[in-house]
Protein chains: 2
Amino acid sequence: MRNIKIVVEYDGGRYSGWQRLKDSDNTIQGKLERVISEMVGAETEITGSGRTDAGVHARNQVANFKTKSDMDVLEMRSYLNTYLPRDIVVKSVEDVGERYHSRYNAVSKKYSYYIWNGDVPSAFNRKYSYYVEKPLNLDDMRSAASKFVGTHDFLGFSSLKKSKKSTVRTISELSVHLDGDMVRIDFVGDGFLYNMVRIITGSLLEIGLGEKDISHIDKVFSSNIRASAGITVPAQGLFLEQVYY
Amino acid sequence: MRNIKIVVEYDGGRYSGWQRLKDSDNTIQGKLERVISEMVGAETEITGSGRTDAGVHARNQVANFKTKSDMDVLEMRSYLNTYLPRDIVVKSVEDVGERYHSRYNAVSKKYSYYIWNGDVPSAFNRKYSYYVEKPLNLDDMRSAASKFVGTHDFLGFSSLKKSKKSTVRTISELSVHLDGDMVRIDFVGDGFLYNMVRIITGSLLEIGLGEKDISHIDKVFSSNIRASAGITVPAQGLFLEQVYY
């Protein structure tokens, strides 16, 4: 059996997220599995590096699948991009060792969240960012961002009720960038809890808008209570940028 | 009467172009006039700097209208962006002198055409560029581009059959840029004939793909025959970037 790794870019806007659902194939995984199965002539399941939620985008999602097909990798890429919907693009296809597993072998991931902070909304970025009209204090957001870097229990910054598994994660980078009217927040970490990137972004926004003080973050960390953290910002601004192996 | 100038950004993807049509209001001008008329409480017509075709985008289209309303300009902008569809954004509203005319006073315009030249298409830029898979020779395209700069009769590079009006125009800049996999062609000129930007782009593409020689451009100029110029590339890659006064 060959083990094939693919790198996928998708506009998540009209999908119910990455993970295949029983009653709907309106998922990225579902669309990919259907076309891959047709291509290799056998029911084929793929393993992604992790899920992305409904509406979340990816520039470099990674997945792998096993197959007996002897099709050339460039032919595969061309086949997939011909038959996939145009908002899902396979950027590369390569043979990898049989033990390669796109989820277990992932060491860390990079997500970016995009906030459009102009005087008026953007006609072009509206589906790929969250519009915040009031001016943001980026210095305050950067100071707050530094509080998340390191190893912490992020339960209070997730949508998990409780968890039997550990909710401790390590964030190695959390940086705030400005390009014209677009604010981008980059997150690099060894793993992210459910909605964690979107809730941390919401918490940074409250601070950038002057609604809460930076010290508030310590309180959430010490109490672990979700309700006291910021809102969960919308999916449309979130991109899975990179998976590191 | 006040004379109000507006700067408008729009994603032209789902519209039948700028110019209001009798039987359909699926035009940018039509949408703007409806919301402006409601805002000022009187049927109001607007004058654009020029038309854009169906599917063409604009970052800074300019228009003006006369009104007796005494509404504040920032209130107007806020009203318009609340009631316009989200793919049409009014970036600024200002009072101008009564003789200001957004078409007659326009001195020159800048258009850009975007070509995605990656190994695979782009999930995110697919609606804002034309995908060309084969590699382009940008040096050849730049040499060819320089032949258009200056004052010429552009009849052969337009979709006009014949014209009673002059088809002589002056292009002051035609430059080819590369950013990652995106090729951008910038056009600055005192006026552009029907489909001229898209046909010149098609002609540059033929040369970039090695299908035609640079000398071919001189032949089109000397014959003025449209059929011998390049294809008309699709509207989705074309942006009206700026109108200069």
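Residues numbered from 1 in each chain as written. Chains lettered and ligands numbered in written order. Predicted model: local features only at pLDDT ≥ 70, side-chain atom pairs only at ≥ 80, totals over all residues. Heavy atoms only, no water.

K.L.:
Describe the overall build of chain A, listing the residues and the values that go with them.
P.N.:
Helix and strand content of chain A: five helices and ten strands. At 19 Å, chain A has a C-alpha radius of gyration in line with the 18 Å of a compact globule built from 245 residues. Expressed as a percentage of the 245 residues in chain A, the buried residues total 53%. Summarising the internal contacts of chain A: among those between residues at least 6 apart in sequence, 70% fall at separations of at least 24. For chain A, the exposed surface amounts to about 11700 Å²; the carbon and sulfur share of it is 47%. When the 33 basic and 31 acidic side-chain charges of chain A are each reduced to a single mean position, those positions are 5 Å apart. (Helix = DSSP H or I, 4+ residues; strand = E, 2+ residues; numbered from the N terminus. Rg over C-alpha atoms; globule rule 2.2 N^0.38 Å. Buried < 20%, exposed > 50% of the residue type's maximum accessible area, 1.4 Å probe, protein only. Contact = heavy atoms within 4.5 Å. Areas by Shrake-Rupley, 256 points an atom, 1.4 Å probe, with all protein chains shown as cover. Lys, Arg positive; Asp, Glu negative; His and termini not counted. Charge placed at Lys NZ, Arg CZ, Asp CG, Glu CD.)

K.L.:
So, the UniProt feature "domain: Pseudouridine synthase I TruA alpha/beta" (unreviewed entry) in chain A: which residues are in play, and what are the values?
P.N.:
Residues and elements named next belong to chain A. In the numbering adopted here, UniProt assigns the feature "domain: Pseudouridine synthase I TruA alpha/beta" (unreviewed entry) to residues 7-105 and 144-245. With 24% helix and 26% strand, residues 7-105 has end C-alpha atoms that lie 15 Å from one another. In residues 144-245, helix accounts for 24% and strand for 30%; the two terminal C-alpha atoms are 29 Å from one another. (UniProt positions renumbered as here; feature names shortened; annotations may be inferred.)

K.L.:
Which residues make up the packing of helix α3 (residues 138-146) of chain B against helix α4 (residues 196-208) of chain B, and what values do they have?
P.N.:
All names here are of chain B. Between α3 and α4, whose axes approach to 8 Å, the crossing angle comes to 140°. On the basis of their axis angle, the class for α3 and α4 is oblique. When you trace α3 past α4, the crossing you get is right-handed. For the pair α3 and α4, the contacting residues are D140, M141, A144 and A145 in the first and L204, L205, I207 and G208 in the second. Broken down by class, the residue content of the contact of α3 with α4 amounts to six nonpolar, one polar and one charged. (Axes fitted to C-alpha atoms, helices over the stretch in contact; angles between N-to-C directions. Parallel < 35°, antiparallel > 145°, perpendicular 65-115°, else oblique. Left-handed = near helix turned anticlockwise from the far one by under 90°. Nonpolar A, V, L, I, M, F, W, Y, C, P; charged D, E, K, R; others polar.)

K.L.:
Could you give me a rundown of the domain arrangement of chain A, with the residues and numbers involved?
P.N.:
All names here are of chain A. We note that the domain assignment places domain 1 (2-96) and domain 2 (108-244) within chain A. Between the C-alpha centres of domain 1 and domain 2 there is a distance of 28 Å. Listed by partner, the interface residues are 15 residues for domain 1 and 16 residues for domain 2. Here domain 1 packs against domain 2, burying approximately 1200 Å² in sum over the two surfaces, 49% of which is carbon and sulfur. For the salt bridge of R59 with E241, the shortest nitrogen-to-oxygen distance reads 2.8 Å. (Domains from an automatic or database assignment. Buried area = accessible area lost by both parts, 1.4 Å probe. Salt bridge = Lys/Arg side-chain N within 4 Å of Asp/Glu carboxyl O.)

K.L.:
For unusual backbone geometry, give the residues involved together with the corresponding values.
P.N.:
A positive phi angle is found at N195 of chain A, which is not glycine, with a value near 65°. Relative to the helices and strands, N195 of chain A resides in the loop between β9 (182-189) and α4 (196-208). A positive phi angle is found at N224 of chain B, which is not glycine, with a value near 60°. In this structure, N224 of chain B sits in the loop between α5 (216-223) and β10 (238-244). Of the residues examined, N224 of chain B reaches a relative accessible area of 24% and is grouped as partly exposed.

K.L.:
Hey, could you go over the packing of helix α1 (residues 28-40) of chain B against helix α2 (residues 73-83) of chain B for me, with residue numbers and the actual values?
P.N.:
A pair of packed helices is captured by two measures, namely the crossing angle of their axes and the spacing between those axes. Residue and element names in this part refer to chain B. For the pair α1 and α2, the least separation of the axes is 10 Å and the interaxial angle reads 130°. Accordingly, the angle class assigned to the pair α1 and α2 is oblique. Between α1 and α2 lies a crossing of right-handed hand. Contact with α1, carried on its side by V35, I36, E38 and M39, involves M76, Y79, L80 and Y83 of α2 and no other residues of that element.

K.L.:
Break down the packing of aromatic side chains for me, with residues and values.
P.N.:
Tallying each qualifying case throughout the model produces 26 aromatic pairs over all chains. Between F154 of chain B and F221 of chain B, the aromatic rings sit 5.6 Å apart at their centres with planes inclined by 70°, giving edge-to-face as the arrangement. Highlighted residues: F154 of chain B in the loop between β7 (150-153) and β8 (168-179) and F221 of chain B in helix α5, separated in sequence by 67 residues. The buried category is assigned to F154 of chain B, whose relative accessible area is 0%. Ring pairing ties together the aromatic residues Y114, Y128 and F239 of chain A together with F124 of chain B, which thus form one cluster. In this arrangement the basic side chain of R59 of chain A is found over the ring face of F124 of chain B, its NZ or CZ atom lying 5.5 Å from the centre. (Phe/Tyr/Trp six-rings, centres within 6.5 Å; stacked < 30°, edge-to-face > 60°. Lys NZ or Arg CZ within 6 Å of the ring centre and 35° of its normal.)

K.L.:
So, the layout of surface pockets: which residues are in play, and what are the values?
P.N.:
Residues and elements named next belong to chain A. Its boundaries defined by the atoms lining it, the largest pocket holds a volume of some 1300 Å³. If you trace the largest pocket, you find 39 residues lining it, with G50, R51, R103, K109 and F192 closest to the centre. Where the lining of the largest pocket is concerned, the elements lending two or more residues are β2 (47-48), β5 (108-116) and α4. When grouped by side-chain class, the residues that make up the lining of the largest pocket number 15 nonpolar, 15 polar and nine charged. (1 Å grid on protein atoms, 1.4 Å probe; cavity = no way out; pocket = protein on both sides within 12 Å on 5 of 7 lines; lining within 4 Å. Points joined across faces, edges and corners; volume = space filled by probe spheres on them.)

K.L.:
So, the relation of the copies chain B and chain A: which residues are in play, and what are the values?
P.N.:
Between the two copies of this chain, the relationship is a rotation about some axis together with a displacement along it. Expressed as a screw transformation, the operator carrying chain B onto chain A has a rotation angle of 180° and an axial translation of 0.0 Å, and the superposed copies differ by an RMSD of 0.0 Å. Between the two chains, the operation in question is that of a two-fold axis. Most of the interface of chain B is mirrored in chain A: 100% of its interface residues are interface residues there too. (Least-squares fit on C-alpha atoms with pLDDT ≥ 70 in both.)

K.L.:
Go over the UniProt feature "active site" (unreviewed entry) in chain A, please, and point to the residues and values.
P.N.:
Residues and elements named next belong to chain A. Following the UniProt record, the feature "active site" (unreviewed entry) maps to D53 here. Following the sequence through the fold, D53 ends up in the loop between β2 and β3 (57-67). Taking the relative accessible area as the measure of exposure, D53 reaches 25% and is therefore partly exposed.

K.L.:
Kindly report on the interface of chain B and chain A, identifying the contributing residues and their values.
P.N.:
Contact residues are listed per partner, giving 23 residues for chain B and 23 residues for chain A. Summed over both sides, the interface between chain B and chain A buries roughly 1700 Å², with carbon and sulfur atoms accounting for 63% of that surface. Among the residues chain B hides against chain A, the three largest losses belong to V120, F124 and R126 of chain B. Together they make up 37% of the total. The shortest N-O distance in the salt bridge between D11 of chain A and R126 of chain B comes to 3.5 Å. Counting across the interface, chain B meets chain A through two residue pairs in polar contact (both at pLDDT 80 or more). Those elements giving two or more residues to the side of chain B that touches chain A turn out to be β1 (2-10), β3 (57-67), α2 and β4 (88-96) of chain B. Residue classes in the side of chain B that touches chain A are distributed as ten nonpolar, three polar and ten charged. (Polar contact = N/O pair within 3.5 Å; in protein donor to acceptor, adjacent residues only side chain to side chain.)

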